[in-house]
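# Analysis of the macromolecular model
One-letter residues, chain by chain:
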Amino acid sequence: MYRIDIPQGNVVTEDMLAELEPGMSPEQVRFVLGPPTLTDPFTPDTWYYLLHYQPGKADTVEQDIVVFFQNGQYSHYRGEVVANVRERTSGRRDRELEQRAEDRREGDVVEQEPLSDPAPEPGTQSTPDATSVPQPRDG
């Protein structure tokens, strides 16, 4: 049975966190990390970057990064980035497309082959091609 991926929240990577410097304004932090998933009206100097990603047939990925401001400037963050978070939250097709783009940038243009789709499990019914149009019945 096909199960969809359910992404919720923000993906924050080590590279993104490395760009943060004490004294940055909230706008600069937002530019680097994107908008926070959650801001508490009672503690506006604390931003939450939460990620809950449930792949269809794999383990759940969860990540909690909390960013702190002091006197209107970034001071520090708490939390750990999940190892290989981009790889674990992007689908196989996304990774294939990224690899093709990288090959083109490097000038290693290879013959295009269709993106691979997983083979349907035995006993499952495949969906009709999106380009097929049902023909009217005579009658």
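Thresholds applied
Residues numbered from 1 in each chain as written. Predicted model: local features only at pLDDT ≥ 70, side-chain atom pairs only at ≥ 80, totals over all residues. Heavy atoms only, no water. Helix = DSSP H or I, 4+ residues; strand = E, 2+ residues; numbered from the N terminus. Buried < 20%, exposed > 50% of the residue type's maximum accessible area, 1.4 Å probe, protein only. Contact = heavy atoms within 4.5 Å. Areas by Shrake-Rupley, 256 points an atom, 1.4 Å probe, with all protein chains shown as cover. Pairing = 2+ DSSP bridges. Core = buried A, V, L, I, M, F, W, Y, C linked by side-chain atoms within 4.5 Å.

### Describing the overall build of the chain
The number of helices and strands found in the chain is four helices and five strands. Helices (α) and strands (β) of the chain occur, in sequence order from the N terminus, as β-α-α-β-β-β-β-α-α. Relative to its full complement of 139 residues, the chain shows a buried share of 24%. Restricting the contact set of the chain to residue pairs at least 6 apart, pairs at least 24 apart contribute 44%. Carbon and sulfur atoms form 50% of the exposed surface of the chain, whose accessible area is close to 10800 Å².

### Quick word on the pairing of strand β3 (residues 43–54)
When strand β2 (residues 38–40) meets β3, the two strands line up antiparallel, connected through three bridges. Its bridge partner lying in β3, D40 is registered against T43. As consecutive antiparallel partners, β2 and β3 are separated by two residues. Across eight bridges, β3 lies against strand β4 (residues 61–70) in antiparallel orientation. Bridged to L50 within β4 is D64.

### Quick notes on the pairing of β4
Along any regular strand, the residues point their side chains to alternate faces of the sheet. Among the 10 residues in β4, seven count as buried, and that is most of the element. As judged from the five bridges shared by β4 and strand β5 (residues 73–78), these two strands associate in the antiparallel manner. Among the inter-strand pairings, F69 is bridged to a residue of β5, identified as Y74. Hairpin connection from β4 to β5: two residues lie between these consecutive antiparallel strands, with N71 at a positive phi of about 55°.

### So, the nonpolar core
Among the nonpolar cores identified, the biggest contains 15 residues, and L20, V29, L33, Y49 and V67 are the most heavily contacted of them. Those elements giving two or more residues to this core turn out to be α1 (14–18), α2 (26–33), β3 and β4.

### Topic: the environment of I65
Tracing the backbone through its elements, the reader meets I65 in strand β4. Measuring from C-alpha to C-alpha, the distance between I65 and R78 comes to 5.8 Å, with 13 residues separating the pair along the chain. Sequence-distant contacts of I65, defined by excluding residues within four places in its chain, comprise V12, L17, W47, Y48, Y49, Y77, R78, G79, E80 and V81.

No statement about biological role is implied by the geometric values presented.
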